[in-house]
Amino acid sequence: MSRGVPRIASSVRPAFRLAQPRPARVDCLAMSERIEYRDGRWVVPNHPIIPFIEGDGTGPDIWRAARRVFDATVRKVSGGKRQIDWLEVLAGEKAFKQVGNWLPEATLDAIRTHRVAIKGPLTTPVGGGIRSLNVSLRQLLDLYACVRPVRYFEGVPSPMREPQKLDVVIFRENTEDVYSGIEFREGTPEAKKLIDFLNNDMGGKKKVRADSGVGIKPISVTGTKRLVRMAIQHALDNGLKTVTLVHKGNIQKFTEGAFRQWGYDVATEEFRDRVVTERESWILDNKDKDPSLTVEQNGALIEPGLEFATDDFRQSLYKEVKACLDSIYNTHGHGAWKKKLMINDRIADSIFQQVVTRADEYSVLATPNLNGDYISDACAAQVGGLGIAPGANVGDGYAIFEATHGTAPKYADKDVINPGSVMLSGMMMFRFLGWSEAADLIEQSLELTIEQKKVTYDFERLMEGATKVKTSEFASAMIDNMGAAVTTAAK
């Protein structure tokens, strides 16, 4: 059995299962019902109404292809007992042309009513004009976690020698950081007022040039903790080995450095019995190897060069070591820590090297907004690019699944673009809804189609012996392969 067609009931880790309580099973409901969210649980009928935004540019092409695959998949795995009742809502260029509004309130109301939606790429002019519609949707609906799983599909062309080693889920904070939209153009009265305030009223230790544009970068306890909490819960639910806090706290100590500290606080305060921090693991391991080790000796092992440190630093370190051993050695010592979820952190620029040189050491990355934007695209490049990079924007009781690439307007209506991103986003959506069989089948049929080298132009030009197919033809090949995927999986 090929790697591309694992058993549907396989123990292979799914590419994504949201860290939420399992949806309550609701049978025999009337057709065309709303998905509901009660007491922290999703209630999903057999015929849910799901709003969709087809997107701008190539959006209509990839949406038509993806919808055919979604409908065929649900029909096949449920024997016709389930189906999606799709509800088109408007956003982007289509909305502006039809109703004169880039993001109509009716669209937001529909998503709030039906709770789960899926969308294609939307246009955002660079340097001016309308604000990013993607960012607006996330912030207006408080979809605070951007979740992007990145893994390799067999046969996809990659610049890496061992792309299969990268298998991560990135949890990117969605509502704060520089994306919050607090900035002022150079030369405006607002910019001058803020610069004068920083240079004069705030002490002026770090002068801002008068001809600067200025922005404010908020990162809060609330935003950080709920994002990291979701990332940790996802890792625990899926038996993953690490959650890595990605930050630039060595420079931005009170925003990104605080993100790091608040992340550790969530881990140790709310998940204490199930997690160990990397630094704690060093202390525990030292004690495991030599039970007679003193606190001072242990501290010297985790901080080389301690003899050159100040006395205050040494005493602080000894206090840390003692507190760790006193509080968790009974539960985490004697090797028990090795079975816990590891919480560690990495500097943002360092993680770009790490996911290339030591990719298999990372499972979940939890990041502030901007870091997550960069690292998710960089990871996607290692396994085939944004053409097959899925994503979801998730809050408490609401979720929008989306293609993560741009609109590529020069290819609009040409039926040539890879629809993999929105198809795999649909796979994430089905897994989120609790329809795991549909999610598995989409993943399996997509990988089987790629292994057969029936691919769109972006992959065909990089694959020897490949057959170039249209967007619509790729969807047809996936549907044709569903029978083979199910048959092989059942063996």
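Cut-off values and rules
Residues numbered from 1 in each chain as written. Predicted model: local features only at pLDDT ≥ 70, side-chain atom pairs only at ≥ 80, totals over all residues. Heavy atoms only, no water. Salt bridge = Lys/Arg side-chain N within 4 Å of Asp/Glu carboxyl O. Buried < 20%, exposed > 50% of the residue type's maximum accessible area, 1.4 Å probe, protein only. Helix = DSSP H or I, 4+ residues; strand = E, 2+ residues; numbered from the N terminus. Patch = residues over 30% accessible without salt bridge, like charges linked within 9 Å, V, L, I, M, F, W, Y side chains within 5 Å. Areas by Shrake-Rupley, 256 points an atom, 1.4 Å probe, with all protein chains shown as cover. Disulfide = S-S within 2.5 Å. Axes fitted to C-alpha atoms, helices over the stretch in contact; angles between N-to-C directions. Parallel < 35°, antiparallel > 145°, perpendicular 65-115°, else oblique. Left-handed = near helix turned anticlockwise from the far one by under 90°. Contact = heavy atoms within 4.5 Å. Core = buried A, V, L, I, M, F, W, Y, C linked by side-chain atoms within 4.5 Å. Pairing = 2+ DSSP bridges. Polar contact = N/O pair within 3.5 Å; in protein donor to acceptor, adjacent residues only side chain to side chain.

Describing the pattern of salt bridges
Enumeration over the complete set of coordinates arrives at 31 salt bridges. In this structure, the salt-bridge partner of Arg-112 is Glu-105, at a minimum N-O distance of 3.3 Å. Judged by its relative accessible area of 46%, Glu-105 falls in the partly exposed class. Glu-443 is the partner of Arg-431 in a salt bridge, and the nearest nitrogen-oxygen pair spans 3.4 Å. With Arg-431 in helix α13 (residues 420-433) and Glu-443 in helix α14 (residues 436-451), this pair connects stretches of sequence that are 12 residues apart. You'll find Arg-431 and Glu-443 in the same group, each marked buried.

Some details on a nonpolar patch on the surface
A cluster of nonpolar side chains, namely Phe-197, Leu-198 and Met-202, defines an oily patch on the protein surface of about 270 Å² accessible area. Position of Leu-198 relative to the elements: it lies in helix α5 (residues 189-201). The class of Leu-198 is partly exposed, set by a relative accessible area of 31%.

Describing the state of the cysteines
Applying the stated rule across the entire model yields zero disulfides. The closest cysteine sulfur to the non-disulfide-bonded Cys-379 is located on Cys-146, 13 Å from its own sulfur. Of the residues examined, Cys-379 reaches a relative accessible area of 0% and is grouped as buried.

Some thoughts on the packing of helix α8 (residues 278-289) against helix α9 (residues 295-302)
At their nearest, the axes of α8 and α9 sit 10 Å apart, and the two run at 130° to each other. With respect to α9, the element α8 is oriented oblique. Judged by the sense of rotation from one axis to the other, the crossing of α8 with α9 is right-handed. Of the residues in α9, those in contact with Arg-279, Trp-282, Ile-283, Asn-286 and Lys-287 of α8 are Asn-298, Leu-301 and Ile-302.

Structural notes on the nonpolar core
Of all hydrophobic cores here, the largest spans 94 residues; its most connected members are Ile-232, Phe-430 and Leu-433. Broken down by element, the residue count for this core peaks at nine residues, all from α13. Once you skip the residues sitting within four places of it in the chain, Ile-232 turns out to touch Val-243, Val-266, Ala-267, Phe-271, Leu-341 and Ile-343.

As for the sheet that holds strand β8 (residues 167-173)
On the basis of which strands lie adjacent, the open sheet formed by 11 strands has the order β5-β4-β6-β16-β15-β7-β8-β14-β11-β13-β12 and mixed pairing. At either margin of the open sheet sits one strand with a lone partner, and together these are β5 (85-88) and β12 (275-277). Shown here is a sheet whose adjacent strand axes are inclined to one another by a mean of 25°, direction ignored. Pairing of strand β11 (residues 242-247) with strand β14 (residues 364-367), which is carried by three bridges, proceeds in the parallel orientation. Following the sheet pairing, Leu-245 is matched in β14 by Ala-366. This element, helix α3 (residues 105-114), spans β4 (49-53), β5, β6 (116-119) and β16 (399-403) of the sheet and lies at about 145° to β4. Against the sheet, helix α4 (residues 133-140) makes contact with β6, β7 (145-151), β8, β15 (390-394) and β16, and its axis sits at roughly 165° relative to β16, the strand it touches most.

Things to note about the side chain of Asn-418
Looking at the element boundaries, Asn-418 is found in the loop between β16 and α13. Here the side chain of Asn-418 touches Gly-420 through a polar contact of 2.8 Å, landing on its backbone nitrogen. Reaching out from Asn-418, the side chain makes a polar contact with the side chain of Asp-458 at a distance of 3.2 Å. Non-local contacts of Asn-418, meaning those with residues more than four positions away in its chain, are made with Ile-62, Gly-387, Ile-388, His-405, Thr-456, Asp-458 and Phe-459.

Re the packing of helix α1 (residues 59-78) against α13
Put simply, α1 and α13 touch, their axes get as near as 9 Å, and they point 35° apart. Remark: the crossing between α1 and α13 carries right-handed chirality. Together, Ile-62, Trp-63, Ala-65, Ala-66, Val-69, Phe-70 and Val-74 of α1 and Val-422, Met-423, Gly-426 and Phe-430 of α13 make up the contact between the two elements.

That is the geometry; function is a separate question.
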